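What the coordinates show
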Amino acid sequence: MPREPLHDYVSRGFGSSTHLYEQIRPEYPQAAIDILVRELGIAHGRTILDVGAGTGKLTRALVHTGASVIAIEPLAEMRERLAESVPLAVPFDGTAERMAIRDASVDAITVAQAFHWFDGDRALAEFHRVLRPGGKLGLIWNVRDRSTPWVDAFDVIVERVDPDRPDHQTGKWRAAFERTTLFAPLAQADVPSEQVLTPEGLVDRALTVSSITVLPDVERERVLDEVRALAATHADLRGRAEFALPYITKVYWTERR
């Protein structure tokens, strides 16, 4: 069967920035992982599907529970990195909307930093198909905390590149959950976290934003220069060798009906 088409930013942006993505994107705080593990019943003897697994940022934590973890990832570059960094997981080529997984064969599904890229209605139908009755679905995002003024200024730079880029913060991904009769309403928990960066690390963080990655060289460098200027001139960052980028880790979970 033909592969499901990926958003252009996913296929062109993340594939070309795989190494940097693995290096600079933050891990998920243990408190958020603990919530997912508890609410989804992830444990030894369970089969877990990590969809849109990327380089394995969440997958690594899941295998430590002793569960059997299948990692679904459509980009070959990211699957290769995942296979190297999480050898205990089983990498599968596939998309959220179409997976070569048997009906009612998994106990829980996790999606980290990815559901906003999916066709939500079709993904939920596919998740419902592969989950066992009573199976759980968990979503997690590390979201930059825009209540910090310099973080808001950074996000303004990012948004200006493409205001319509799919993103967790738009909330559009929720529409599929509001329409569906296949899953119970979402529950939610927030966990504060932070990542220590250097000024050049903040530039690298911008480079892992897919809409920036795919820009022509001259335009991309102009955006990165804005980030450099922010780090050099903002009152909260100026002259500092390191600083903390605050996040709120958003955790959601629901149950298959």
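This section reports on the structure supplied with the text. If you're wondering where the values come from, they're calculated on a predicted model, not measured in any experiment. (Residues numbered from 1 in each chain as written. Predicted model: local features only at pLDDT ≥ 70, side-chain atom pairs only at ≥ 80, totals over all residues. Heavy atoms only, no water.)

**Regarding unusual backbone geometry**
With phi around 50 degrees, alanine 104 is a residue other than glycine that occupies positive phi space. Looking at where alanine 104 falls in the secondary structure, it is placed in the loop between β3 (90–92) and β4 (106–112). You can call alanine 104 partly exposed: its relative accessible area is 35%. The backbone phi angle of glutamine 113 is positive, close to 60 degrees, even though this residue is not glycine. Along the polypeptide, glutamine 113 turns up in the loop between β4 and α6 (120–130). Judged by relative accessible area, glutamine 113 falls into the buried class, the value being 15%. (Helix = DSSP H or I, 4+ residues; strand = E, 2+ residues; numbered from the N terminus. Buried < 20%, exposed > 50% of the residue type's maximum accessible area, 1.4 Å probe, protein only.)

**Looking at the nonpolar core**
Among the nonpolar cores identified, the biggest contains 28 residues, and Leu49, Val51, Ile109, Val111, Phe115, Phe118 and Phe127 are the most heavily contacted of them. Elements with a contribution of two residues or more to this core: β1 (47–51), β2 (68–72), β4, α6, β5 (131–144) and α8 (174–179). It is β5 that provides the largest number of residues to this core, a total of five residues. With residues up to four places along the chain from it excluded, the contact list for phenylalanine 115 reads Gly120, Ala123, Leu124, Phe127, Leu139, Trp141, Trp173 and Phe177. In terms of nonpolar packing, the next biggest core, distinct from the first, is built from 26 residues, Val63, Ala67, Ile140 and Ala189 among them. (Core = buried A, V, L, I, M, F, W, Y, C linked by side-chain atoms within 4.5 Å. Contact = heavy atoms within 4.5 Å.)

**Describing the side chain of serine 105**
Along the chain, serine 105 falls in the loop between β3 and β4. Reaching out from serine 105, the side chain makes a polar contact with the backbone oxygen of arginine 102 at a distance of 2.7 Å. When near neighbours in sequence (up to four residues on either side) are disregarded, serine 105 contacts Thr47, Val130 and Arg132. (Polar contact = N/O pair within 3.5 Å; in protein donor to acceptor, adjacent residues only side chain to side chain.)

**What to know about the sheet that holds strand β7 (residues 243–255)**
Spatially, the seven strands line up as an open sheet ordered β3-β2-β1-β4-β5-β7-β6, and their pairing is mixed. A single partner strand is all that each edge strand has here, and the edge strands are β3 and β6 (187–197). Direction aside, the axes of adjacent strands within the sheet are offset by 20 degrees on average. In terms of strand pairing, β5 meets β7 through nine bridges, oriented antiparallel. Along β7, the bridge assignment pairs glycine 138 with tryptophan 253. Taken strand by strand, helix α7 (residues 149–161) contacts β5 and β7, and its axis lies near 70 degrees from that of β7. (Pairing = 2+ DSSP bridges. Axes fitted to C-alpha atoms, helices over the stretch in contact; angles between N-to-C directions.)

**Considerations on α7**
Helix length check: α7, at 13 residues, gives a terminal C-alpha distance of 19 Å against a target of 18 Å (1.5 Å per residue), a fit within 8%. All of the buried residues along α7 are Trp150, Val151, Phe154, Asp155, Ile157 and Val158. For α7, the angular spread of the buried residues around the axis is 150 degrees, confining them to a single face. Looking at the packing, one finds that the buried side of α7 touches β5, α9 (199–207), α10 (210–213), α11 (217–233) and β7. (Expected span 1.5 Å × (residues − 1). Arc of directions from axis to C-beta.)

**Focus: the packing of aromatic side chains**
Tallied over the entire structure, the rule returns eight aromatic pairs. An angle of 65 degrees between the planes, with centres 5.4 Å apart, marks the rings of phenylalanine 115 and phenylalanine 118 as edge-to-face. The same class applies to phenylalanine 115 as to phenylalanine 118, namely buried. Here the aromatic rings of tryptophan 173 and phenylalanine 177 are separated by 6.0 Å at their centres, their planes lie at 85 degrees, and the arrangement is edge-to-face. The two residues tryptophan 173 and phenylalanine 177 agree in class, both being buried. Among the aromatic residues, those joined into a cluster by ring pairs are Phe115, Phe118, Trp141, Trp173, Phe177 and Tyr252. (Phe/Tyr/Trp six-rings, centres within 6.5 Å; stacked < 30°, edge-to-face > 60°.)

**A short note on the pattern of salt bridges**
Considering all chains together, one arrives at 22 salt bridges under this definition. The salt bridge partner of arginine 46 is aspartate 107, with a shortest N-O separation of 3.7 Å. Of this pair, arginine 46 sits in the loop between α3 (30–40) and β1 while aspartate 107 sits in strand β4, and the two are 61 residues apart along the sequence. Overall, arginine 46 belongs to the partly exposed group, its relative accessible area being 38%. For glutamate 221, the salt bridge identified is with arginine 228, shortest N-O distance 2.8 Å. (Salt bridge = Lys/Arg side-chain N within 4 Å of Asp/Glu carboxyl O.)

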